[in-house]
Amino acid sequence: MLVGIDESGRTARYGAELNEIGTLENAWLLTNGNRIKDYGSMDCFEEVEGCGVLDAEGGWLFPSFCDSHTHLVYAGSREQEFLDKINGLSYEEIAKRGGGILNSADRLHDTSEDELYRQAMERVNEIAAMGTGLVEIKSGYGLTLEDELKILRVIKRLRNDAPLEIRSTFLGAHAVGRAYKGRQAEYVEHVCNDMIPAVAGEDLADFVDVFCDRGFFTVEETEKVIRKGAEYGLRAKIHANELAVSGGVEVGVANKALSVDHLESMGDEQIEVLRSSETIPTMLPGCAFFLSIGYPPARKMIDAGLPVALASDYNPGTAPSGNMRFVVSLASIKMKMTPVEALNAATINSAAAMGESRDYGSITRGKVANFYITKPLPSLAYISYAHQTPLIKSVVLKGKLKI
Ligand code: NIG
Ligand code: FE
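> What is the right way to look at the overall build of the protein chain in this model?
Across its full length, the protein chain carries 15 helices and 16 strands. In terms of C-alpha radius of gyration, the protein chain reaches 21 Å, essentially the compact-globule figure of 22 Å for 403 residues. Along the first, second and third principal axes, the C-alpha atoms of the protein chain reach 70 × 45 × 45 Å. In the protein chain, which comprises 403 residues, the share counted as buried stands at 59%. When contacts within the protein chain are restricted to residue pairs at least 6 apart in sequence, those whose partners lie at least 24 apart make up 72%. Working note: accessible area of the protein chain is about 16100 Å², and carbon and sulfur atoms make up 49% of it. Computed over 42 positive and 56 negative side-chain charges, the separation of the two mean positions in the protein chain equals 1 Å.

This is the structure we're talking about:
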């Protein structure tokens, strides 16, 4: 069975369209180089001379997940803070004590670029095996010019070497670097005047991001950074409304952000603002799950006609997993999205949140041949229902069999 077929030319699915998905039973699919050339029913199958055949043995073929929001280049892990959380501290309290993002920045500073690359490549291979074919990775654990460049250079190396496709985001405004403690405004100037030009000068990023939230960066600071980014050709993807209704959605939409992400705290006004925009609202249920906070109002957003996307947020502090199948399952279990809505949000719409849905996110002639094949399934919903069962048997990325 082929799942996720779409020849409509759409670049995202809006509202009710999210609950529709193209399928074809008893089918074949032909790749040519790194692209999907054709597919059809086995009733009219003809072997192509010289072309290798991979028998799906009754399994289902899905378009690879697109994960539009991760921070997977980090050093070590933060399970000590996990224990602090179990013992009652909140994410914000841990951050205020100098833990959280600053803790990761200290570790990253003490880790060589090669070691960082090694650790990150392990995570990249892990998510590729779990069905992800296109991933966005942010900086933001450097917080000095030198260390931000170190992360972005690692992302560039990963991009060259990894089996899957990678996009890169500069997130210097993730927290105020230690050297600027108590001087947040000066740090923002440093991000704008020194970091962004250097990052753009080495062509290290596709996007710019800001953690626009209570206790982190204000709306005014966010606007400063994303406007500077825009001068250098970097489109904005904003961390908005994780800890509070932050104004991040509004500032993102006003500046034509590609996406606004998190959205655990959303009012009806923010949904209304998104309705009159092209900005993709991206939800990260793995973060809400790990922090035990409220989930984004997915149903309300879909019912309002929005093109919601799903991503993992893979990071050491709030979502230590890049498993997109689990993200899709959480979307159904915790946010009442149907399995079809969740799959579309995690493929075509998540590709749109990276500006890449013309090439990724569905089974479409001419798109990049990124897909995975499962064991035989009793139904489509089973893929998210059986959320821990290892169902993926093979992974094809850019037309090559990887697993
Ligand atoms: O998306 N919210 C901000 N940034 C990350 C977490 C970073 C961290 O705690 O290390 C997030 O959840
Ligand atoms: Fe994040």
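Back to the text.
> Help me understand the site of ligand 1, please; the structure alone is not making it clear to me.
Around ligand 1, 15 residues are found, and the nearest of them are Y91, Y141, H174, E242 and T318. At 2.8 Å, a side-chain N or O of R78 approaches an oxygen atom of ligand 1. Contact with the protein chains hides 100% of the accessible area of ligand 1, taken as 320 Å² for the molecule alone. Of the residues contributing to the shell around ligand 1, the split by class is four nonpolar, eight polar and three charged.

> Explain the pattern of salt bridges here, please?
When the charged atoms of two side chains lie near each other, side chains of opposite charge can form a pair. Taken as a whole and assessed by the stated rule, the structure comprises 30 salt bridges. For D106, the salt bridge identified is with R178, shortest N-O distance 2.7 Å. In this pair, D106 sits in helix α3 (residues 101-109) while R178 sits in the loop between β8 (165-173) and α6 (184-201), placing the two residues 72 residues apart along the sequence. For D106, a relative accessible area of 32% puts it in the partly exposed group. On the accessibility criterion, R178 (44% relative accessible area) is partly exposed. Residues E356 and R167 are paired through a salt bridge, measuring 2.7 Å at the closest nitrogen-oxygen approach.

> So what exactly am I meant to see when it comes to the sheet that holds strand β12 (residues 280-283) here?
Whenever strands of a sheet pair, they do so through backbone hydrogen bonds, lying parallel or antiparallel. Read from one edge to the other, the open sheet built from eight strands follows the order β6-β7-β8-β9-β10-β11-β12-β13, with strand pairing classed as parallel. Either end of the sheet is taken by a strand with one partner, and the two such strands are β6 (65-67) and β13 (309-310). Examined bridge by bridge, strand β10 (residues 235-240) and strand β11 (residues 259-262) share four bridges and lie parallel to one another. Each residue of the ladder has a partner; that of H239, found in β11, is D261. Set on the sheet, helix α7 (residues 219-231) makes contact with β8, β9 (207-212) and β10; between it and β9 the angle comes to about 175°.

> Just to check I follow, could you spell out the domain arrangement of the protein chain for this structure?
Quite often, the size of an interface is put as the accessible area lost when its parts meet. Domain boundaries assigned for the protein chain yield domain 1 (2-63 + 362-401) and domain 2 (65-352). Taking only C-alpha atoms into account, the centre of domain 1 sits 29 Å from that of domain 2. Of the residues lining the interface, 31 residues belong to domain 1; the matching set on domain 2 comes to 34 residues. Contact between domain 1 and domain 2 buries roughly 2500 Å² in total, counting both sides, with carbon and sulfur atoms accounting for 61%. At the boundary of domain 1 with domain 2, the tally comes to one salt bridge. We note a salt bridge from K398 to E165, for which the minimum N-O separation is 3.1 Å. The tally of links between domain 1 and domain 2 comes to 12 residue pairs in polar contact (both at pLDDT 80 or more). Secondary-structure elements contributing two or more residues to the side of domain 1 that touches domain 2 are β5 (61-63), α15 (382-385) and β15 (392-397). Among the elements that line the side of domain 1 that touches domain 2, the one with the most residues is β15, at three residues. Residue classes in the side of domain 1 that touches domain 2 are distributed as 16 nonpolar, nine polar and six charged.

> Looking at this structure, how should I read the coordination of the iron ion (ligand 2)?
In this structure, H69 (NE2), H71 (NE2), H239 (NE2) and D313 (OD) serve as the protein donors to the iron ion (ligand 2), at separations of 2.1 to 2.3 Å. Between consecutive donors of the iron ion (ligand 2), the numbers of intervening residues give the motif H-x1-H-x167-H-x73-D. Considered together, H69 and H71 belong to a single accessibility category, that of buried residues.

> What's the story with the packing of aromatic side chains in this structure? I'm lost.
Aromatic ring pairs are described here by two measures, namely the spacing of the ring centres and the angle between the planes. On inspection of all chains with the given rule, the structure shows 10 aromatic pairs. Their ring planes at 15° and their centres at 6.4 Å tell us that W60 and F62 sit as a pair that is stacked. Across the pair, exposure class does not vary: W60 and F62 are buried alike. Taken together, a centroid distance of 5.6 Å and an interplanar angle of 45° make the contact between Y382 and Y385 tilted. Taken together, the positions of Y382 and Y385, both in helix α15 and three residues apart, correspond to about one turn of that helix.

> Please clarify how the environment of T31 should be interpreted in this entry.
Mapped onto the elements, T31 comes out in strand β3 (residues 27-32). Once the C-alpha coordinates of T31 and N370 are considered, the two residues, 339 residues apart in sequence, prove to be 9.9 Å apart. Dropping the residues within four chain positions of it, T31 is found in contact with I36, K37, A369, F371 and G399.

Definitions and cut-offs
- Residues numbered from 1 in each chain as written.
- Chains lettered and ligands numbered in written order.
- Predicted model: local features only at pLDDT ≥ 70, side-chain atom pairs only at ≥ 80, totals over all residues.
- Heavy atoms only, no water.
- Helix = DSSP H or I, 4+ residues; strand = E, 2+ residues; numbered from the N terminus.
- Rg over C-alpha atoms; globule rule 2.2 N^0.38 Å.
- Buried < 20%, exposed > 50% of the residue type's maximum accessible area, 1.4 Å probe, protein only.
- Contact = heavy atoms within 4.5 Å.
- Areas by Shrake-Rupley, 256 points an atom, 1.4 Å probe, with all protein chains shown as cover.
- Lys, Arg positive; Asp, Glu negative; His and termini not counted.
- Charge placed at Lys NZ, Arg CZ, Asp CG, Glu CD.
- Near = heavy atom within 4 Å.
- Polar contact = N/O pair within 3.5 Å; in protein donor to acceptor, adjacent residues only side chain to side chain.
- Nonpolar A, V, L, I, M, F, W, Y, C, P; charged D, E, K, R; others polar.
- Salt bridge = Lys/Arg side-chain N within 4 Å of Asp/Glu carboxyl O.
- Pairing = 2+ DSSP bridges.
- Axes fitted to C-alpha atoms, helices over the stretch in contact; angles between N-to-C directions.
- Domains from an automatic or database assignment.
- Buried area = accessible area lost by both parts, 1.4 Å probe.
- Donors = N, O, S within 2.8 Å, 3.2 Å for Na, K, Ca; no water.
- Phe/Tyr/Trp six-rings, centres within 6.5 Å; stacked < 30°, edge-to-face > 60°.

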